[in-house]
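# Observations on chain architecture
Here's the letter readout for the chains.
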Amino acid sequence: MRSGGDAIMTRYDQHMHTFFSSDSSEKFENYLKQTPGLVVTTEHLDFNDHYMGGEDTILDYEKYSVTIDQLNEKHGNRIRKGIEIGYTKESYDQIQDYLKGKEFDVQLLSVHQNGEYDFLQPIVKEKNVEDVMNEYFPLLLEAATNFPTANVLTHFDYGIRLFDVSVEELQGHESILKQVLQKVIDKQMAFELNTRSMYQYGNVALYEQMIEWYVALGGKLFSLGSDAHSIDYYAYHFDDAIALLEKNSVSSVTIFEKQQSTQLPLSEMKKNVK
Ligand SMILES: [Zn+2]
Ligand SMILES: [Zn+2]
């Protein structure tokens, strides 16, 4: 953690939540204090959100836009707008209707649930991990196949966060996971390294395997996201994730403005600024 006066890093964390997401109470101003550079928040959109008792979790776009516009006037246009779309087949039309006429800098594509329960709910822990993988990975493929406008595929391991999955067990699902990665490549989406998945839920080895497959298939676009719901997790373990990318000869990450991609060199992210 930094303290007043210390040098701070020019991180770009492309997956963060504020109080505009129902499971966060963090303020934009607190994120702005973490970096001299740009900040993007990616707020939840989950219809029939089982994590929230089946209610619709809908980002208040008007209020979000007005809030960001006001802050951008004060803080030199440092905040970008993002959304984390929780995909289900059933909510496809609702999502499309919601997005109509709304402008975001980045759209994250996530699978959190199967229409019956969220994969972080306790009921999932009682299931057989193979059954969960056989269910979750096809949902991920469906999302990546069907969803037209997303820029980043998030936390591929969300469905198995509650389990201790070995690389060997993951390799049992190589075929479907490679299909997912191929879709990411075909649609020019970025593959997210979700650093809370990697270093909080302990899935870094699974990500290493995915990176290897992705790069071998020709994948080049990566996104770094902590999935912070408070500044405590801002750019969580980015040093480790950057080192892992460099180990795989990746020298930049992909960031989005008005859904147009640009490359941000990792060297920029390692810079200290007073
Ligand atoms: Zn998510
Ligand atoms: Zn998130």
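Reading guide: rules and limits
- Residues numbered from 1 in each chain as written.
- Chains lettered and ligands numbered in written order.
- Predicted model: local features only at pLDDT ≥ 70, side-chain atom pairs only at ≥ 80, totals over all residues.
- Heavy atoms only, no water.
- UniProt positions renumbered as here; feature names shortened; annotations may be inferred.
- Buried < 20%, exposed > 50% of the residue type's maximum accessible area, 1.4 Å probe, protein only.
- Helix = DSSP H or I, 4+ residues; strand = E, 2+ residues; numbered from the N terminus.
- Pairing = 2+ DSSP bridges.
- Donors = N, O, S within 2.8 Å, 3.2 Å for Na, K, Ca; no water.
- Phe/Tyr/Trp six-rings, centres within 6.5 Å; stacked < 30°, edge-to-face > 60°.
- Lys NZ or Arg CZ within 6 Å of the ring centre and 35° of its normal.
- Contact = heavy atoms within 4.5 Å.
- Axes fitted to C-alpha atoms, helices over the stretch in contact; angles between N-to-C directions.

Per an unreviewed UniProt entry, the chain carries the name Histidinol-phosphatase and comes from Carnobacterium iners. You can read under Catalytic activity (unreviewed entry) in the UniProt record for the chain the words "L-histidinol phosphate + H2O = L-histidinol + phosphate". UniProt, in its Pathway (unreviewed entry) section for the chain, records the words "Amino-acid biosynthesis; L-histidine biosynthesis; L-histidine from 5-phospho-alpha-D-ribose 1-diphosphate: step 8/9."

### Some thoughts on the pairing of strand β8 (residues 222-225)
Side chains F222 and L224 of β8 all project onto a buried face; the interleaved residues S223 and G225 project onto the opposite face, where all are buried too. Pairing analysis gives 4 bridges linking strand β7 (residues 190-194) to β8, with the strands arranged parallel. The partner of F191 across the bridge, within β8, is F222.

### Describing the UniProt feature "domain: PHP" (unreviewed entry) in the chain
In the UniProt entry, the feature "domain: PHP" (unreviewed entry) is given for residues 13-195. Its end C-alpha atoms 10 Å apart, residues 13-195 is made of 37% helix and 19% strand.

### Overview of the coordination of the zinc ion (ligand 1)
Every protein donor of the zinc ion (ligand 1) is accounted for by E84 (OE), H112 (NE2) and H155 (NE2), and the metal-donor separations fall at 2.0 to 2.2 Å. The motif formed by the donor residues of the zinc ion (ligand 1), counted along the single chain, is E-x27-H-x42-H. In this structure, the zinc ion (ligand 1) lies 3.4 Å from the zinc ion (ligand 2), and both are coordinated by E84. Taken together, the residues span a long stretch of sequence, with E84 in strand β4 (residues 79-86) and H155 in the loop between β6 (152-153) and α6 (167-171) at a distance of 71 residues.

### Here's the deal with the packing of aromatic side chains
Under the criterion given, the structure shown has 18 aromatic pairs. Plain terms: the ring middles of Y136 and F137 are 6.1 Å apart, the flat faces sit at 70° to each other, and that makes the pair edge-to-face. For the pair shown, Y136 and F137 are each scored as buried. By the ring-pair criterion, three or more aromatic residues cluster together here, those being F156, F191, Y207, Y214 and F222. Positioned over the ring face of Y98 is K102, at 4.1 Å from the centre of the ring. When the ring centre of Y233 is taken as origin, the NZ or CZ atom of R196, which lies over that ring, is 5.3 Å away.

### What to know about the coordination of the zinc ion (ligand 2)
Around the zinc ion (ligand 2), the protein supplies H15 (NE2), H17 (NE2), E84 (OE) and D227 (OD) as donor atoms, at distances of 2.1 to 2.2 Å. Between consecutive donors of the zinc ion (ligand 2), the numbers of intervening residues give the motif H-x1-H-x66-E-x142-D. Judged by relative accessible area, H17 falls into the buried class, the value being 0%. Judged by relative accessible area, which is 4%, D227 ranks as buried.

### Focus on the sheet that holds β8
The strands making up a sheet are joined through hydrogen bonds of the backbone, oriented either antiparallel or parallel. What the 7 strands build is an open sheet, ordered β3-β2-β4-β5-β6-β7-β8; its pairing is mixed. Two strands in the sheet have a free side with no partner beyond their single neighbour: β3 (55-57) and β8. Taken together, the 2 bridges between strand β5 (residues 106-110) and β6 define a ladder with parallel strand orientation. Residue L108 lies in a different strand from β6, and its bridge partner there is V152. Relative to the sheet, helix α10 (residues 238-247) contacts β7 and β8, its axis offset from that of β8 by approximately 165°.

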